[in-house]
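# Understanding the architecture of this molecule
So you can see what is in the structure, the chains are spelled out below.
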Amino acid sequence: MTNRVRVTVTAPDPISREGVLSQLRRHPEVELDGDSGPAAVALLIEDTLDEAALTRLRRAVRGEGVRAVLVAGTVREHELLEVIECGVGAIVWRHEATAQRLLHAVLTTSRGGGDLPADLLGQLIGQMGRLHRGSARGGTEPPGSFLGFTKREGDVVRLVAEGFDTSEIAMELSYSERTVKNVMHGLTTRLHLRNRAHVVAYALREGYI
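## Quick notes on the overall build of the chain
- Scanning the chain for helices and strands turns up nine helices and five strands.
- Each helix (α) and strand (β) of the chain, taken in turn from the N terminus, gives the series β-α-β-β-α-β-α-β-α-α-α-α-α-α.
- Considering only intrachain contacts with a sequence separation of at least 6, the fraction spanning at least 24 residues in the chain is 70%.
- In the form shown here, the chain has an accessible surface area of approximately 10,500 Å², with 51% of it arising from carbon and sulfur atoms.

## Comments concerning the side chain of Thr108
- Structurally, Thr108 can be placed in helix α4 (residues 99–110).
- Dropping the residues within four chain positions of it, Thr108 is found in contact with Gly113, Gly114 and Asp115.

## Re the packing of helix α6 (residues 151–161) against helix α8 (residues 177–190)
- For the pair α6 and α8, interaxial distance at closest approach is 10 Å and the crossing angle is 95°. Between α6 and α8, the angle is such that the two are roughly perpendicular. Together, Arg152, Glu153, Val156, Val157 and Val160 of α6 and Thr179, Val180, Val183, Met184, Leu187 and Arg190 of α8 make up the contact between the two elements.

## Digging into the environment of Val5
- Considering the arrangement of structural elements, one finds Val5 in strand β1 (residues 5–10).
- Separated by 106 residues in the primary sequence, Val5 and Arg111 have C-alpha atoms spaced 9.8 Å apart.
- If we skip the residues at most four places from it in the chain, Val5 touches Glu29, Val30, Glu31, Ala40, Val41, Val106, Leu107 and Ser110.

## Considering helix α9 (residues 196–205)
- Along α9, eight of the 10 residues are buried, which leaves the element largely enclosed by surrounding structure.
- Within α9 the residues assigned to the buried category are Arg196, Ala197, His198, Val199, Val200, Ala201, Ala203 and Leu204.

## A closer look at the environment of Trp93
- Within the fold, Trp93 resides in strand β5 (residues 88–93).
- Trp93 sits 23 residues away from Leu116 along the chain, and the two C-alpha atoms are 9.5 Å apart.
- Trp93 has contacts with Ala72, Gly73, Thr74, Val75, Pro117, Asp119 and Leu120, leaving out every residue within four places of it along the chain.

## Remarks on the pairing of strand β4 (residues 67–72)
- The buried count for β4 comes to five of six residues, which makes it a mostly enclosed element.
- Here strand β3 (residues 41–46) pairs with β4 via six bridges, running parallel. Bridge pairing in β4 links Val41 to Arg67.
- Of the strand pairs in this sheet, β4 and β5 are connected by five bridges, and their pairing is parallel. Among the inter-strand pairings, Ala72 is bridged to a residue of β5, identified as Trp93.
- Once the chain exits β4 it traverses helix α3 (residues 77–86) before rejoining the sheet at β5, and the crossover so formed is right-handed.

## Points about helix α7 (residues 166–173)
- Among the residues of α7, Thr166, Ile169 and Ala170 are the ones counted as buried. Looking straight down α7, one finds its buried side chains confined to an arc of 100°; they lie on one side. Across α7 from its buried face, at more than 90 degrees, point the exposed residues Met171 and Glu172.
- Buried residues along α7 sit against α6, α8 and α9.
- Downstream of α7 by a residue or two, Ser174 has a phi angle that is positive, lying close to 60°.

## A closer look at the side chain of Asp115
- For Asp115, the position within the fold is in the loop between α4 and α5 (118–137).
- Judged by relative accessible area, which is 10%, Asp115 ranks as buried.
- Separated by 3.0 Å, the side chains of Asp115 and His104 make a polar contact.
- In this view, Asp115 contacts Gly89, Ala90, Ile91, Arg101, His104, Ala105 and Thr108; residues no more than four positions away in its chain are not counted.

## Some words on the nonpolar core
- With 26 residues, the main nonpolar core has Leu49, Leu57, Leu70, Val75, Val83, Val88 and Ile91 as its most contacted residues.
- Within the residue set of this core, elements represented by two or more residues are β3, α2 (51–63), β4, α3, β5, α5 and α9.
- The contacts of Val75, once residues within four sequence positions are left out, are Leu49, Leu70, Leu80, Trp93, Leu120 and Gln123.
- Counting 21 residues, the second-largest nonpolar core is a separate cluster that includes Val5, Val20, Val92 and Ala105.

The rules behind the values
Residues numbered from 1 in each chain as written. Predicted model: local features only at pLDDT ≥ 70, side-chain atom pairs only at ≥ 80, totals over all residues. Heavy atoms only, no water. Helix = DSSP H or I, 4+ residues; strand = E, 2+ residues; numbered from the N terminus. Contact = heavy atoms within 4.5 Å. Areas by Shrake-Rupley, 256 points an atom, 1.4 Å probe, with all protein chains shown as cover. Axes fitted to C-alpha atoms, helices over the stretch in contact; angles between N-to-C directions. Parallel < 35°, antiparallel > 145°, perpendicular 65-115°, else oblique. Buried < 20%, exposed > 50% of the residue type's maximum accessible area, 1.4 Å probe, protein only. Pairing = 2+ DSSP bridges. Right-handed = clockwise from strand over helix to strand, strands pointing away. Arc of directions from axis to C-beta. Polar contact = N/O pair within 3.5 Å; in protein donor to acceptor, adjacent residues only side chain to side chain. Core = buried A, V, L, I, M, F, W, Y, C linked by side-chain atoms within 4.5 Å.

Shown next as structure tokens:
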């Protein structure tokens, strides 16, 4: 089968790792452990996010040049932005890590997309809103004054932040899906961001949305 996504799985214990591997083996779209070449997606299982776990995330994305999926037991609010900025494209709660859920996260991440649980997306938006309000009180530049987003880019990013997928954004804005993908690709390239989640985090941090 062509265009299979090569995935490597790391976990703190062999039972957790084998559980995820057994879920992914059911799907022919996935090639496990990158046997025929380097992995495209690193799936990391972490119960909690200490500094060692964050270091593993950074190493996977920046050092090995792959996209990352995090399967986690908990992600505390103050850790969330750091996880996104490490380059994690998708987060899956351990208690929701079914075969279908894992596959969706891996495939979405392999295409440069983002996949966050709704509760985490809400936390991210709330966190960035508080950061922006704090910056505004400190007398920093007004929202959006230096981002250089076009109206089209801003419209797309706002809908991504609201949880719309590519097809839904295309329908909402009367664009083609290719146009939506091109907009996101242009943003990630121009701003040196890693994926959709990172674009949203950036736009929220800078007060654009």
